[in-house]
Amino acid sequence: MTQRPNHPSAEGLATRASSQGNPRSGSEVDSELLALIEEMRSAAKRDPSRKREVTVGEFLVDGARVPLSLVDPLQQLTRTEAAALRFAGWGRSNADIATLLAISEGTARTHLNSAVRKLELDGMRGLVALAGLLFHPLD
């Protein structure tokens, strides 16, 4: 039996954050995200069927950041949906996304909701969490 490295999982991060009741600093969260992504990269190296890069709209995303169940649905997103998803991953509001894409705020919201539906997520929180995993810069 292979022993898993002692890196925090996404579930563990969420459980600890909610059970502690106190917000952690940005550097703690960034370091835990880096550890999680490194674990995902090492898992991807062990699985040769996993792609190194996944195309989301016109953007290339490190394959280690993409959950396997979402590879195909992410590739089905339109360019505008992917761009809106990327800006959401950077922490932008709907109004900011609309301004950056030169569309109305309602249209930006429609593109994000369409992405939620195509990816079969529970809602906007799930979409923003996924967008952060895919596009948030860790440098």
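None of these values were measured; they are calculated from a predicted model.

A. Looking closely at the pattern of salt bridges. Counted according to the given criterion, the structure contains three salt bridges. For Glu105, the salt bridge goes to Arg109, with nearest N and O atoms at 3.8 Å. Remark: Arg109 and Glu105 occur in helix H6 (residues 105-119); sequence separation between them is four residues, near one turn of the helix. By relative accessible area, which is 38% here, Glu105 ends up partly exposed. For Arg109, a relative accessible area of 37% puts it in the partly exposed group.

B. Geometry of the pairing of strand S1 (residues 53-56). The two faces of S1 differ: Val54 and Val56 on one face are buried, but Glu53 and Thr55 on the other face are not. Pairing of S1 with strand S2 (residues 59-62), which is carried by four bridges, proceeds in the antiparallel orientation. The partner of Val56 across the bridge, within S2, is Phe59.

C. Fine view of the nonpolar core. In terms of nonpolar packing, the biggest core is built from 27 residues, with Val56, Leu74, Leu85 and Leu134 touching the most fellow members. Of all elements in the fold, only S1, S2, helix H3 (71-75), helix H4 (79-89), helix H5 (94-101), H6 and helix H7 (124-135) reach the threshold of two or more residues within this core. If one sorts the elements of this core by residue count, H4 sits on top with six residues.

D. Main features of the environment of Glu81. Position of Glu81 relative to the elements: it lies in helix H4. Sequence-distant contacts of Glu81, defined by excluding residues within four places in its chain, comprise His111, Ser114 and Lys118. Only 2.9 Å separates the side chain of Glu81 from the side chain of Lys118, close enough to count as a polar contact.

E. Examining H6 more closely. In this model, H6 (15 residues) spans 21 Å end to end at C-alpha, consistent with the 21 Å of a helix rising 1.5 Å per residue. Listed as buried for H6 are Ala108, Leu112, Ser114, Ala115, Val116 and Leu119. Phi turns positive one or two residues past the end of H6, at Glu120, with a value near 55°.

F. Expanded view of the packing of H4 against H7. One can describe the packing of H4 onto H7 by two numbers: an axis separation of 7 Å at closest approach and a directional angle of 85°. The angle between H4 and H7 places the two elements in the roughly perpendicular class. Residue-level contacts link Leu85, Arg86, Ala88 and Gly89 of H4 to Leu127, Val128, Ala131, Gly132, Leu134 and Phe135 of H7. When grouped by side-chain class, the residues that make up the contact of H4 with H7 number seven nonpolar, two polar and one charged.

Conventions we followed
Residues numbered from 1 in each chain as written. Predicted model: local features only at pLDDT ≥ 70, side-chain atom pairs only at ≥ 80, totals over all residues. Heavy atoms only, no water. Salt bridge = Lys/Arg side-chain N within 4 Å of Asp/Glu carboxyl O. Helix = DSSP H or I, 4+ residues; strand = E, 2+ residues; numbered from the N terminus. Buried < 20%, exposed > 50% of the residue type's maximum accessible area, 1.4 Å probe, protein only. Pairing = 2+ DSSP bridges. Core = buried A, V, L, I, M, F, W, Y, C linked by side-chain atoms within 4.5 Å. Contact = heavy atoms within 4.5 Å. Polar contact = N/O pair within 3.5 Å; in protein donor to acceptor, adjacent residues only side chain to side chain. Expected span 1.5 Å × (residues − 1). Axes fitted to C-alpha atoms, helices over the stretch in contact; angles between N-to-C directions. Parallel < 35°, antiparallel > 145°, perpendicular 65-115°, else oblique. Nonpolar A, V, L, I, M, F, W, Y, C, P; charged D, E, K, R; others polar.

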